Amino acid sequence: GLGEIYRTRLQQWDNAIAAFNTASDLNPNDVKLLSILAELYSKIQQYDKAIAEIRKILLNPNIKLTGDDMRANYTKLLTLYYNTKQYDQAFCVAEVMRCKGMEHPNYDQIINLMKKGYHMTPLEYRNLHRMKHAEWLLRVTSSSLAQVAEECGYGGYSQFYKEFFRTYGVSPKE
């Protein structure tokens, strides 16, 4: 179609994006269209939009990916986050890949970059964000401590209490 002509022959990226966006609106479950859009957005350095297209592929319940296609799209997403120095997001994608049995070959490198960029391990980073969220919930909601612990990803209140005390030096009740 016209989008393919703009993309491959004329290399008119904006026109190609417009054409492929129209096609994608008509068929939002077409992995090939979404992948091409991600590629085009990357070419014009609109990485946030490229990331959004890959996320559409991975998060759309109507799209059924094979194991290889899933790995390829997670790898694309991880690479986009990595190349844009969003190491926390890259780490999250690497963790998802690891949990799904498709560990990325640069996993250790991502961990080291995260340590350099944030001056903490990924676990420390995750815990810090959990605690910030917990602190906010305790200030602005009437949720119980058990509810806050659960919403922040803690398996039980005692684990939450220990981490909160370690982080803030006071109990979450105070």
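Residues numbered from 1 in each chain as written. Predicted model: local features only at pLDDT ≥ 70, side-chain atom pairs only at ≥ 80, totals over all residues. Heavy atoms only, no water.

Student: Give me the confidence of the model for the protein chain: which residues, what numbers.
Tutor: Across the protein chain, the average pLDDT comes to 84, with 97% of residues at or above 70. The spread of mean pLDDT over the elements of the protein chain runs between helix α7 (residues 107-118), the lowest at 71, and helix α4 (residues 47-59), the highest at 93. (pLDDT = per-residue confidence, 0-100. Helix = DSSP H or I, 4+ residues; strand = E, 2+ residues; numbered from the N terminus.)

Student: So what about the nonpolar core? Which residues, and what values?
Tutor: If you look at the biggest cluster of nonpolar residues, it comprises 34 residues, and the most contacted ones within it are F20, I54, L77, V93 and I110. Those elements that place two or more of their residues in this core are α2 (13-26), α3 (31-43), α4, α5 (67-83), α6 (87-99) and α7. Counting residues per element, this core draws most heavily on α3, which supplies seven residues. When neighbours within four sequence positions are excluded, I110 is seen to be in contact with L78, Y82, Y87, A90, F91 and A94. Ranked by size, the runner-up nonpolar core spans nine residues in total, among them A134, L137, V148 and A149. (Core = buried A, V, L, I, M, F, W, Y, C linked by side-chain atoms within 4.5 Å. Buried < 20%, exposed > 50% of the residue type's maximum accessible area, 1.4 Å probe, protein only. Contact = heavy atoms within 4.5 Å.)

Student: How would you summarise unusual backbone geometry if you had to cite specific residues and measurements?
Tutor: Negative phi values dominate among residues other than glycine, just as trans dominates among peptide bonds. Of note, the phi angle at Q11 is positive, near 50°, even though the residue is not glycine. Mapped onto the elements of the fold, Q11 is located in the loop between α1 (2-9) and α2. Positive phi, close to 60°, is recorded for Q45, a residue that is not glycine. By secondary structure assignment, the location of Q45 is in the loop between α3 and α4.

Student: Can you tell me about α4, naming the residues and giving the values?
Tutor: The terminal C-alpha atoms of α4 lie 18 Å apart, and with 13 residues this matches the ideal 18 Å at 1.5 Å per residue to within 8%. Those residues of α4 lying buried are A50, I51, E53, I54, I57 and L58. The arc enclosing the buried residues of α4, seen along the axis, measures out at 160°, which places them on a common side. Among the exposed residues of α4, those oriented more than 90 degrees off its buried face are D48 and L59. Considering only its buried residues, α4 is in contact with α3 and α5. (Expected span 1.5 Å × (residues − 1). Arc of directions from axis to C-beta.)

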